[in-house]
Amino acid sequence: MNGDEALQKYLEAIESGEQSAGEAFAAAAAAAPEVAEALRLANLLKASDLPQMRPAASAALEARLRRALAQQGARQPAGRVWALPAWAQWLLRPGPVARLALAAVVLVVLMAGAGTRRAVASSLPGTTLYSVKLALEDLQLSLTPAAGRSAVHTRLAETRTGELAALADRPEPASTLLTATAGAALRQADTALEYLEEAPAEAQAGLLGRLVVAASHQQAVLQAVRQRVPAEAQADIDQALEAAEARQAAAAARLEDKRRPGQKENVEAEPTATPEPPAEVTAASEIAAPEHPANAVTAGPPGQTKVPPGQTKVPPGQTLAPPGQTRLPPGRPLKGTSTHVPPGQTRVPPGQTRVPPGQTRVPPGQATKAARTPAAPGGGRP
Amino acid sequence: MQLTPEQALVQRAQAGEADALTELYRQHSPAIYRYCLFRVRDPAAAEDLASEVFLRAVEGLPRYVDRGAPLAAWLFRIAHDRVVDFHRRAANRPAEELSDHLPDHQPGTEAQALGRLEAGRLTALLAQLTDEQQLVVQLRFLEGYSLEEAARLMGKTTGAIKALQHRALRQLARQLAKMA
């Protein structure tokens, strides 16, 4: 037995309780003094005072990580709060076979009874049916031409906002679910803004007005729920509030731009001029449409007048911010905020490919072997 | 296939569950902090690096793929990258900015007399080892990983770990003798 093996044998004898440290050291000293010295040092190390991160720093980092995770949920594409089930992911892959299978699934759902459709439409984040709802939304988006995407994303932003309000109505709302849903709503609003220029000119102001109202509604919900969540969750809610304010400012700034002289006629146009998705998609969208109060997509905050369909005309000098609320958050400029991207958020312009979560990018530390420094832990893995 | 508790936690964290992330953080942050500290020898800098490690881990979590190695292997790899970056940045800073952070090397503390190493001295001692030797000592004798776990985490055979830990301890013994 060489020294390496002998040392390990004595270490294991101590770890298993077969020998005390003293007995193992005495046995090693009799057999191989060099091994005994290594064993003594190993025991010295095991008994040493371990350096620790300061508790305050550790707690602060823990809170920061929770916020980062909530924000990250807000950055994932397609308004997804929960991952789609494997079957839905497979169906949504590009390719003729998956398309046919997806069409069959949608057909089954569409042929299902009104009760099923209503249950899917009114499902909330955290439920099984919610995955179906998201899958159908993804389907609708995949079949919507670029010119109609801003309208669909605007409607989805309103849907997420309605879900947020429904979640907030629960007796004990989960702050993580609230912030994730608020993030999903903001993400949809971001995408709606990204595709805005693709929409018909006469519909753009109407879409912007709806986005301003949705962001304002979110703030009202978040502000109301902020008092009811534990103190440690209030920072997350504050962050979601800040993001909603930023989106409202961005949409309002774009709306102001549309209302500049020479562009006023756009503001007065009907939003329904936005191209509708293909017929089968419209049918699918009905499933995710607002049958549940949670999906009252064009409703403003409680107590606030709903913007009637087709009435998106904005009086001169006003935006569509709800009554009683500041049109723009204090200190936020009207101009130049349309390109504002809050920390941690990423915009993907229309026509560019969003990196799908999980597949094409290599996470930090999971670099290819060739790119690794030889001394890095883990050898060739993971 | 049955998921290990850690795999289940990772999946829950990937689904956005903050409590699962917190649990993973609490399990791994002490070792990651010490990994950084033993290499930069500055507690404040080590805290900053540990923060960077976990924030990057959260960022990469949706794309993290379990390939059979423990999560710690991934975290240590991120930590390694952060430490390398720290030293690269430090190399571009004036020397006097760094000198304040070096711990003293004075031997003969009361703790040592009692048969244990106090934290500052342990940090200074480990700094004398190679990166791999530091890691094997940390995993095996400070963090309590078994031989097999350390082998999986470092991507080596158990035989290689046996040899590495023995060499590391011999090197430490020489350093201690020299410092005494």
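Residues numbered from 1 in each chain as written. Chains lettered and ligands numbered in written order. Predicted model: local features only at pLDDT ≥ 70, side-chain atom pairs only at ≥ 80, totals over all residues. Heavy atoms only, no water.

K.L.:
Help me understand the overall build of chain B in this model?
P.N.:
Scanning chain B for helices and strands turns up ten helices and zero strands. For chain B, the α and β elements follow one another from N to C terminus as α-α-α-α-α-α-α-α-α-α. Looking at chain B residue by residue over its 180 residues, the buried ones come to 52%. (Helix = DSSP H or I, 4+ residues; strand = E, 2+ residues; numbered from the N terminus. Buried < 20%, exposed > 50% of the residue type's maximum accessible area, 1.4 Å probe, protein only.)

K.L.:
Sorry if this is basic, but what is going on with helix α2 (residues 18–40) of chain B here?
P.N.:
In an α-helix, one turn spans 3.6 residues; hence positions three or four apart end up facing the same way. All names here are of chain B. The sharpest bend along α2 comes to roughly 45 degrees, located at H28, with the proline P30 sitting one to four residues further on. The buried fraction of α2 is high, at 18 of 23 residues. Taken from the residues just after α2, R41 is the one with a positive phi, measuring 55 degrees. (Bend = angle between axes of the 7 residues up to and from the residue.)

K.L.:
Could you clarify how one ought to interpret the packing of α2(B) against helix α4 (residues 71–91) of chain B in this entry?
P.N.:
Axis angle and axis distance: for two packed helices, these are the angle between their axes and the distance between the axes, and together they describe the pair. Residues and elements named next belong to chain B. One can describe the packing of α2 onto α4 by two numbers: an axis separation of 10 Å at closest approach and a directional angle of 35 degrees. As for how α2 packs across α4, the hand of that crossing is right-handed. On α4, the residues that touch L24, H28, A31, I32, Y35, C36, R39 and V40 of α2 are L71, A72, L75, F76, A79, H80, V83, F86 and H87. The residue inventory of the contact of α2 with α4, partitioned by class, reads 13 nonpolar, three polar and one charged. (Axes fitted to C-alpha atoms, helices over the stretch in contact; angles between N-to-C directions. Left-handed = near helix turned anticlockwise from the far one by under 90°. Contact = heavy atoms within 4.5 Å. Nonpolar A, V, L, I, M, F, W, Y, C, P; charged D, E, K, R; others polar.)

K.L.:
Any chance you could explain the packing of aromatic side chains here in plain terms?
P.N.:
Each aromatic ring pair is characterised by the separation of its centres together with the angle its planes make. Tallied over the full model, the rule gives three aromatic pairs over all chains. Judged by centre distance (5.0 Å) and plane angle (80 degrees), the ring pair of Y25(B) and F54(B) falls under edge-to-face. With Y25(B) in helix α2 and F54(B) in helix α3 (residues 43–60), this pair connects stretches of sequence that are 29 residues apart. The pair Y25(B) / F54(B) is uniform in exposure class, with both members buried. For the ring pair Y64(B) and W74(B), a centre distance of 4.5 Å and an interplane angle of 40 degrees mean the geometry is tilted. Taken together, the positions of Y64(B) in the loop between α3 and α4 and W74(B) in helix α4 put the pair ten residues apart, joining distant regions of the chain. Here Y64(B) matches W74(B) in class, with each residue buried. For K9(A), the ring lying beneath its charged end belongs to Y10(A), and the centroid distance is 4.8 Å. (Phe/Tyr/Trp six-rings, centres within 6.5 Å; stacked < 30°, edge-to-face > 60°. Lys NZ or Arg CZ within 6 Å of the ring centre and 35° of its normal.)

K.L.:
Help me understand the pattern of salt bridges, please; the structure alone is not making it clear to me.
P.N.:
Where charged atoms from two side chains of opposite charge approach closely, those side chains can pair. Following the criterion strictly, the structure yields 21 salt bridges over all chains and no others. The closest approach of N and O atoms between E163(A) and K133(A), which form a salt bridge, is 2.7 Å. Remark: K133(A) occurs in helix α8 (residues 128–142) and E163(A) occurs in helix α9 (residues 146–168); sequence separation between them is 30 residues. In terms of burial, E163(A) and K133(A) fall into one category: buried. Among the salt bridges present, the one from R88(B) reaches D85(B), with a minimum N-O distance of 2.7 Å. Of this pair, R88(B) and D85(B) both sit in helix α4, three residues apart, which is roughly one turn of that helix. Judged by its relative accessible area of 51%, R88(B) falls in the exposed class. (Salt bridge = Lys/Arg side-chain N within 4 Å of Asp/Glu carboxyl O.)

K.L.:
Teacher, can you tell me more about the side chain of S150(A) here?
P.N.:
Within the secondary structure, S150(A) sits in helix α9. If sequence neighbours within four positions are ignored, S150(A) has contacts with A192(A), Y195(A), L196(A), A199(A) and L207(A).

K.L.:
What am I meant to see in the confidence of the model for chain B here?
P.N.:
Where the model shows low pLDDT, its predicted coordinates should not be examined in detail. Residues and elements named next belong to chain B. Residues with a pLDDT of 70 or more make up 86% of chain B, whose mean pLDDT is 84. Of all helices and strands in chain B, the one with the weakest mean pLDDT is helix α6 (residues 110–113) (43), whereas α2 scores best (95). Below pLDDT 50 for its whole length, residues 96–114 participates in 21 contacts with residues either more than four positions away or in separate chains. As scored by the predictor, the complex reaches a pTM of 0.47 and an ipTM of 0.85. (pLDDT = per-residue confidence, 0-100.)

K.L.:
Hey, could you run me through the confidence of the model for chain A in this one?
P.N.:
Residue and element names in this part refer to chain A. The predicted model of chain A averages 66 in pLDDT, with 57% of residues at 70 or higher. Helix α14 (residues 279–287) is the least confidently modelled element of chain A, averaging 35 in pLDDT, while helix α3 (residues 33–46) averages 89, the highest of any element. pLDDT under 50 marks residues 77–84. Its contacts with residues more than four places away, or in other chains, come to 36 contacts. Below a pLDDT of 50 lies the segment residues 263–365, which in the model reaches 209 contacts outside its immediate sequence neighbourhood of four places, other chains included.

K.L.:
Is there a simple way to explain the packing of α3(A) against helix α8 (residues 131–142) of chain B in this structure?
P.N.:
Where α3(A) contacts α8(B), the two axes come as close as 9 Å, and the packing angle between them is 75 degrees. Here α3(A) lies roughly perpendicular to α8(B), going by the angle between them. Each of A42(A), L45(A) and K46(A) in α3(A) lies in contact with α8(B), whose residues at this interface are V137(B), F141(B) and L142(B). Per-class residue counts for the contact of α3(A) with α8(B) are five nonpolar, no polar and one charged. (Parallel < 35°, antiparallel > 145°, perpendicular 65-115°, else oblique.)

K.L.:
Hey, could you run me through the environment of E232(A) in this one?
P.N.:
By the secondary structure assignment, E232(A) is in helix α12 (residues 231–258). Judged by relative accessible area, E232(A) falls into the exposed class, the value being 65%.

K.L.:
Just to check I follow, could you spell out the interface of chain A and chain B for this structure?
P.N.:
Interfaces are often sized by the accessible area lost when the parts come together. On the chain B side, the residues contacting the 55 residues of chain A number 68 residues. For the pair chain A and chain B, the summed buried surface comes to about 5,700 Å²; carbon and sulfur atoms form 62% of the total. As a salt-bridge pair, R66(A) and D19(B) come within 3.0 Å of each other at their nearest N and O atoms. Our enumeration of links across chain A and chain B arrives at ten residue pairs in polar contact (both at pLDDT 80 or more). Looking at the side of chain A that touches chain B, the elements that each hand over two or more residues are α1 (3–15), α3 and α4 (55–75) of chain A. With ten residues, the single largest contributor to the side of chain A that touches chain B is α4(A). Split by residue class, the side of chain A that touches chain B holds 27 nonpolar, 14 polar and 14 charged. (Buried area = accessible area lost by both parts, 1.4 Å probe. Polar contact = N/O pair within 3.5 Å; in protein donor to acceptor, adjacent residues only side chain to side chain.)

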